[in-house]
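Read off the chains here:
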Amino acid sequence: MISEIKNNVLYVDGCNTIELAEKYGTPLYVYSENAIVKECRKLQECFLNKYENTRAAYAAKAFSCIAMCRIIEREGLCLDVVSGGELFTAIRAGFPAERIEFNGNNKLKEELELAIDYGIGRIIVDGLQELNLIESICRQKNKTMDVLYRITPGVDSHTHNYITTGKKDSKFGIPLDDDVIYPAVEAAINSSYVNFKGIHFHVGSQLFDNKSHLLALETVLQLVKNIKERFNYDVTELNVGGGFGVTYTDEKQKSYEYFLDPIMERIIEFSQKMNIKRPAVVIEPGRSVVAEAGVTLYKVGSIKDIKGIRKYVSVDGGMTDNIRPALYQAAYRGALANKMNEPADHTITVCGKCCESGDILIKDGQFAEAQAGDILVIFTTGAYGYSMASNYNKNPVPAVVLVKDGKSTEIIRRQSYEDIISRESTEELW
Ligand SMILES: Cc1ncc(COP(=O)(O)O)c(C=O)c1O
Ligand SMILES: N[C@@H](CCCC[NH3+])C(=O)O
C-alpha cells in the first residue's frame, strides 16, 4: 500500500483518509491507482518482459468496474472474466475484445453468445458439453473461436477448502480420465468452429508454496505429450492460472518470480526435449494485483465492553462489504486512521452492523483506544471485497474512490436506498 502517516492521520496515495471519509461518507472502499499500476509493472518486469510469448490476464472477479478495466487496459494486461456481467463491464470500458479470456464452469448460452459476438480472445472451456454449445453458436453466427480446455489436475493446494480448485473432486474443469479428456480434445481438434489452443489449470487461491502449480504443470505437460502422440497435435498455449498469495496479517508473501521462474524453466526444458515450439504461457492473477491497493474506511459506532470477555467495536459496514472473514475465517489488520501515532495497545473485536453473530471483521485485533466517530481502516481489502459485496439487511453497497498523488475521484457511487429497491415492484399484489 502506498501510504504514510502525517499528524496522526493515515494518508493513502497522498490523500488524507479522514477527509476522504468526510467527503464521500463511510463505509468507503479506497483504491490507490499508483499501487495497482505498481503491481501491473511488477508483472511486466518479472514475467511479461522477461519471457516472450506470455500474457497476464487480470482476474476481474477480484475487483471489476469500468475504471479498473481501463487501468488494466492501459497497463497492457489481458482480462479474465467469468460472467456476462464482467464481460459487459469490460465491453463498456472499451476493453479490447481480443485481450479478454472467458472462464467458468457453467457459462450460459447468452453469455457465450455475448462473448462470441464481441469476438473475445479465448474461451476456456470446462467440458465437451460446453464445447458443443460454443460450436453450435459459432455455426449459427458463422464465426470461429480460440479455445483452451480447463482440466482438473488432481492436486490439493492446501489453502482454505472453499478456494482450492485443483482437486479431482471439484466443480471446475475436466477430469483427466482417458475416456473423458481425449474424446473432448479430439472433438476440439477436429472442429471447424473452434481452434484448439491448449490447456488451462488453476489450482487455488491465496497460495504461498509453488508445489501445487509445479505438480499440476507436470500433469499438464504429460497431457501435452499424450496429445502429440495420440493426435499428432501441438498444443500452443498453456494457462497456469493465478493464486499468488498476499500478506493480510503475517503471511510471508512470495514473489511472482518464485512461482513463475520454475514454471517457465520447466516448460522451456519440456519444449526443447519434445522438439516443439515453446507454447505461449498465460497467467491469471487477481488478488495479487489489487488486494494491497485497497483499504476500507469505516466509522466507529457502538462500543460494548463485556468485562473479562471481549470488547466489541461496531462499525457502519461489515460482512456486506467484506464477506471474507465470515466465509473463510480470513484475518485482516486494521488501525484507527485518525489515531495512527497512538499506541495500539487495546485488544478489540471489530464487528459489523449486520444481524449475524458471524459478522466479525477482525477478531481480537490491536488498536489505539477506539471512540465513537473514529475512522477505522482495514488494510488489504482490494480483492474480493467490493466484488463480493451484498445487500444483506438491505445495507447499501459503499462507494469506491480511486486516489492518486493526492487526488480522489469516485469511480463507483454509493448505493442509495432508492437503488436498493429500484427493481422491486410497487404494484398491488394480485
Ligand atoms: C480460473 C481462475 N483464474 C484466476 C483466479 C484468480 O485467482 P487469484 O485471485 O487467487 O489470483 C481464480 C480464482 O481463484 C480462478 O478461479
Ligand atoms: N473469493 C475468494 C477467492 C476465490 C477465487 C476464485 N476462484 C477469496 O476471497 O479469497
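Residues numbered from 1 in each chain as written. Chains lettered and ligands numbered in written order. Predicted model: local features only at pLDDT ≥ 70, side-chain atom pairs only at ≥ 80, totals over all residues. Heavy atoms only, no water.

Trainee: Go over the sheet that holds strand β1 (residues 3–6), please, and point to the residues and values.
Mentor: The strand order β1-β2-β3 describes an open sheet built from three strands, whose pairing is antiparallel. At either margin of the open sheet sits one strand with a lone partner, and together these are β1 and β3 (15–16). Note: strand β2 (residues 9–12) against β3, two bridges, orientation antiparallel. Considered in β3, the bridge of valine 12 is made with cysteine 15. (Pairing = 2+ DSSP bridges. Helix = DSSP H or I, 4+ residues; strand = E, 2+ residues; numbered from the N terminus.)

Trainee: How would you sum up the site of ligand 1? Please name residues and give values.
Mentor: Taken together, 16 residues sit near ligand 1, with His202, Ser205, Glu284, Arg287 and Tyr384 positioned nearest. Serine 205 places a polar side-chain atom, nitrogen or oxygen, 2.4 Å from an oxygen atom of ligand 1. Contacts to ligand 1 include glutamate 284, whose side-chain N or O atom sits 2.6 Å from a nitrogen atom. Burial of ligand 1 by the protein amounts to 93% of the accessible area it has alone, namely 390 Å². A class-by-class count of the residues in the shell around ligand 1 yields three nonpolar, eight polar and five charged. (Near = heavy atom within 4 Å. Polar contact = N/O pair within 3.5 Å; in protein donor to acceptor, adjacent residues only side chain to side chain. Areas by Shrake-Rupley, 256 points an atom, 1.4 Å probe, with all protein chains shown as cover. Nonpolar A, V, L, I, M, F, W, Y, C, P; charged D, E, K, R; others polar.)

Trainee: Outline the side chain of lysine 107, listing residues and values.
Mentor: Mapped onto the elements, lysine 107 comes out in the loop between β7 (100–102) and α5 (109–118). Of the polar contacts made by the side chain of lysine 107, one reaches the backbone oxygen of isoleucine 124; its length is 2.6 Å. Among residues more than four places away in sequence, those in contact with lysine 107 are Phe102, Leu112, Ile123, Ile124, Val125, Asp126, Glu130 and Leu133. (Contact = heavy atoms within 4.5 Å.)

Trainee: Can you break down the packing of helix α8 (residues 211–231) against helix α9 (residues 256–274) residue by residue, with the values?
Mentor: Packing of α8 against α9 leaves a shortest axis separation of 11 Å and a crossing angle of 20°. Considering the angle they form, α8 stands roughly parallel to α9. As α8 runs across α9, the sense of the crossing is right-handed. Here His213, Leu214, Leu217, Glu218, Leu221, Val224, Lys225 and Lys228 of α8 come into contact with α9, specifically with Phe259, Pro262, Ile263, Arg266, Ile267, Phe270 and Met274. (Axes fitted to C-alpha atoms, helices over the stretch in contact; angles between N-to-C directions. Parallel < 35°, antiparallel > 145°, perpendicular 65-115°, else oblique. Left-handed = near helix turned anticlockwise from the far one by under 90°.)

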